[in-house]
Every structure is written in structure tokens, then in C-alpha cells.
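Commentary on secondary and tertiary structure
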Amino acid sequence: MLTFADLFISIDELYARIPGAEASLENARRMIREEVSELIDELHEERSTQAALQEAVDLIYVALVGMKAKGGTPQMLEDALLEVILKNARKTPETHEWRENKIQRRALSETAV
């Protein structure tokens with residue numbers, strides 16, 4: 001089974017293998033912008049699911065390059081993902097609604113009933 005540590009190790013190995021490669025924040029930001037654009041392009045209905053999945057994985061990978069450059073660790077990533085899962089598990093129709101094409105917190109006056 002793949003772990004977050006495996007992903008971080010693969011980033012280290014890739015950048016060590018390629019002469020001149022630099023896993024800096026600046027490079028990560030540039031790569032993230034590029035991958036976001038490519039993923040958006042692949043999310044059109046006429047494009048294949050596999051191509052969209054590959055672009056999503058590429059985006060995750062370059063985001064991790066940025067997190068490593070910022071000092072992130074596999075444990076920090078795992079903790080952050082768990083926090084998002086738990087936060088989303090607490091969302092209910094009473095606390096949140098679909099508005100402006102996304103799930104958003106209801107106004108306080110609506111939830112204080």
C-alpha cells in the first residue's frame with residue numbers, strides 16, 4: 001500500500017536524479033498553476049476519465065513538492081487530511097447548504113433556530 005512517506009521519498013528521489021532540478025516554492029507555484037490548468041482542460045465531458053485522473057494526480061504530486069519545500073512532512077499531510085475529513089463529516093443540512101455552486105455554511109440566523 002502506498003503511503004504519504006512513499007510520496008515524499010519519490011519527490012526526493014526524482015529531484016536528486018535530475019541535474020539542476022529544484023523543488024523550490026517558486027517552482028512549485030508555477031507547476032501547480034500549470035497542472036490546475038491542465039486538469040480543468042481534462043474535466044470537459046468529452047475528455048477521458050483516465051486523462052483527468054492523471055492530471056489530478058499530477059496536481060497532487062506538485063502540491064506535495066510545494067509542501068515539502070515549505071517544510072511539510074508526511075505526518076503533517078496525514079493530520080491535515082484527517083482534519084478535513086472530520087470537518088466535512090460534521091457538516092449537515094442544518095449547518096450547511098448548496099449555494100453559489102458549492103457547499104457553504106448557513107447564515108448564523110438560519111442555524112440558531
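Provided above is the structure to which this section pertains.
First, a word on what this report is: a plain description of the structure on this page. What you see is a predicted model; the values in this text were computed from it and never measured.

Consecutive residues of a regular strand have side chains that alternate between opposite faces of the sheet. As judged from the four bridges shared by strand E1 (residues 96-99) and strand E2 (residues 102-105), these two strands associate in the antiparallel manner. Looking at the pairing, Arg-99 lines up with Lys-102 of E2. The antiparallel hairpin formed by E1 and E2 contains two residues in its connecting segment, where Glu-100 sits at a positive phi of about 55°.

A separate point is a nonpolar patch on the surface. On the surface, a nonpolar cluster with roughly 290 Å² of combined accessible area is contributed by Leu-82, Ile-85 and Leu-86. Following the sequence through the fold, Ile-85 ends up in helix H4 (residues 74-89).

As a further point, take the pattern of salt bridges. Taken as a whole and judged by the stated rule, the model has five salt bridges. Between Glu-34 and Arg-30 there is a salt bridge whose closest N-O contact spans 3.8 Å. Of this pair, Glu-34 and Arg-30 both sit in helix H2 (residues 25-42), four residues apart, which is roughly one turn of the helix. Where Arg-99 meets Glu-97, a salt bridge forms, and the shortest distance between an N and an O atom there is 2.3 Å. Accessibility expressed as a relative area gives 29% for Arg-99, which makes it partly exposed.

Its identity as a non-glycine residue notwithstanding, Glu-100 has a phi of 55°, on the positive side. The exposed category is assigned to Glu-100, whose relative accessible area is 66%. Positive phi values are uncommon outside glycine, yet Asn-101 reaches one of about 65°. On the basis of relative accessibility, which here comes to 68%, the residue Asn-101 falls in the exposed class.

Glancing now at the packing of helix H1 (residues 4-17) against H4. Where H1 meets H4, the closest approach of the two axes is 8 Å, and the angle between their N-to-C directions is 135°. Taken as axis vectors, H1 and H4 run oblique relative to one another. The two elements H1 and H4 meet at a crossing, and its hand is right-handed. Of the residues in H4, those touching H1 at Phe-4, Ala-5 and Phe-8 are Pro-74, Leu-77, Glu-78 and Leu-81.

Rules used throughout
- Residues numbered from 1 in each chain as written.
- Predicted model: local features only at pLDDT ≥ 70, side-chain atom pairs only at ≥ 80, totals over all residues.
- Heavy atoms only, no water.
- Pairing = 2+ DSSP bridges.
- Helix = DSSP H or I, 4+ residues; strand = E, 2+ residues; numbered from the N terminus.
- Patch = residues over 30% accessible without salt bridge, like charges linked within 9 Å, V, L, I, M, F, W, Y side chains within 5 Å.
- Areas by Shrake-Rupley, 256 points an atom, 1.4 Å probe, with all protein chains shown as cover.
- Salt bridge = Lys/Arg side-chain N within 4 Å of Asp/Glu carboxyl O.
- Buried < 20%, exposed > 50% of the residue type's maximum accessible area, 1.4 Å probe, protein only.
- Axes fitted to C-alpha atoms, helices over the stretch in contact; angles between N-to-C directions.
- Parallel < 35°, antiparallel > 145°, perpendicular 65-115°, else oblique.
- Left-handed = near helix turned anticlockwise from the far one by under 90°.
- Contact = heavy atoms within 4.5 Å.

That is the geometry; function is a separate question.
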